[in-house]
Amino acid sequence: MKKIKMNVVDIRPLEEVTKISEPMISPQEQFGIVKAMTEAFIRPPYEHDKILKEKLKDIENISFMSTANTIRFSAKDGVSTHDFKQAIIQAWRLVKTFLVPQRREVILTRLIDLQFLCKMPYGETPPMRNMRLEQMSKSLAEYPADCIEYALKVLPIKEELNGNFPYLVHFTKEFMPSVNFRRAVRNKIEQVAKSVD
């Protein structure tokens, strides 16, 4: 005797989706963003921060303001919840584009090229150097692409390094204020998104 399989259908009513979900950036979009932000003429990261601020201010239905110690992100007067949610998603996506990292392989290639312009630490063997460059590329791959490109172009000509190979602290010193600002804006937008849900 064959057993009859029954299809069970869920007949609960569908709930209206009202939560704000984090916008995603596809790999193709990431490639385009990195390419645009790392062109031959590299702007300092603080100039990209100014562009980000202006673009956030141009988004309809939100009020954005940032000072040295404060970031304000809120709905303009009379804006519906739906329109504000759309504006939050737009702002969130915009900030994420300014945080897209450079690929680790690209950074490693650039660091390998850079090593021939600078003196290596005394006593460092080629295997040690390779390990250090790989570790540095892994650490730098956590930062926005434009910041990394800027540091890679600026550090070899820094007078205080006197031709020595820069270390991770030298790279991050060039752009950490920008990274901190962008991450703070992203965190503020996430916080507002959660409070609206």
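Calculation notes
- Residues numbered from 1 in each chain as written.
- Predicted model: local features only at pLDDT ≥ 70, side-chain atom pairs only at ≥ 80, totals over all residues.
- Heavy atoms only, no water.
- Helix = DSSP H or I, 4+ residues; strand = E, 2+ residues; numbered from the N terminus.
- Areas by Shrake-Rupley, 256 points an atom, 1.4 Å probe, with all protein chains shown as cover.
- Buried < 20%, exposed > 50% of the residue type's maximum accessible area, 1.4 Å probe, protein only.
- Salt bridge = Lys/Arg side-chain N within 4 Å of Asp/Glu carboxyl O.
- Expected span 1.5 Å × (residues − 1).
- Arc of directions from axis to C-beta.

A. Broad picture of the overall build of the protein chain. Broken down by element type, the protein chain carries 8 helices and 2 strands. Across the protein chain, helices and strands are ordered from the amino to the carboxyl terminus as α-α-β-β-α-α-α-α-α-α. Just so you have it, the protein chain exposes about 13200 Å², and 54% of that area is on carbon and sulfur atoms.

B. A look at unusual backbone geometry. Although it is not a glycine, Asn-61 adopts a positive phi angle of roughly 75 degrees. With respect to the element layout, Asn-61 can be found in the loop between helix H2 (45–58) and strand S1 (62–66). For Asn-61, a relative accessible area of 23% gives the class partly exposed.

C. Inspection of the pattern of salt bridges at higher detail. Tallied over the entire structure, the rule returns 9 salt bridges. In this structure, Asp-49 engages Arg-182 in a salt bridge whose closest nitrogen and oxygen atoms are separated by 2.8 Å. Of the two residues, Asp-49 is situated in helix H2 and Arg-182 in helix H8 (residues 176–196); the sequence distance between them amounts to 133 residues. On the basis of relative accessible area, Asp-49 is assigned to the buried category, the value being 8%. A salt bridge links Arg-103 to Glu-105, with the nearest nitrogen and oxygen atoms 3.4 Å apart. Residues joined by salt bridges that share partners form a network here, namely Asp-49, Asp-146 and Arg-182.

D. Here's a closer look at H2. The first and last C-alpha atoms of H2 sit 20 Å apart over 14 residues, in line with the 20 Å expected at 1.5 Å per residue. Every buried residue of H2 is listed here: Pro-45, His-48, Asp-49, Leu-52 and Leu-56. Projected down its long axis, H2 shows its buried positions confined to an angular sector of 105 degrees, all on one face. What points out from H2, more than 90 degrees from its buried face, is the exposed set Lys-50 and Asp-58.

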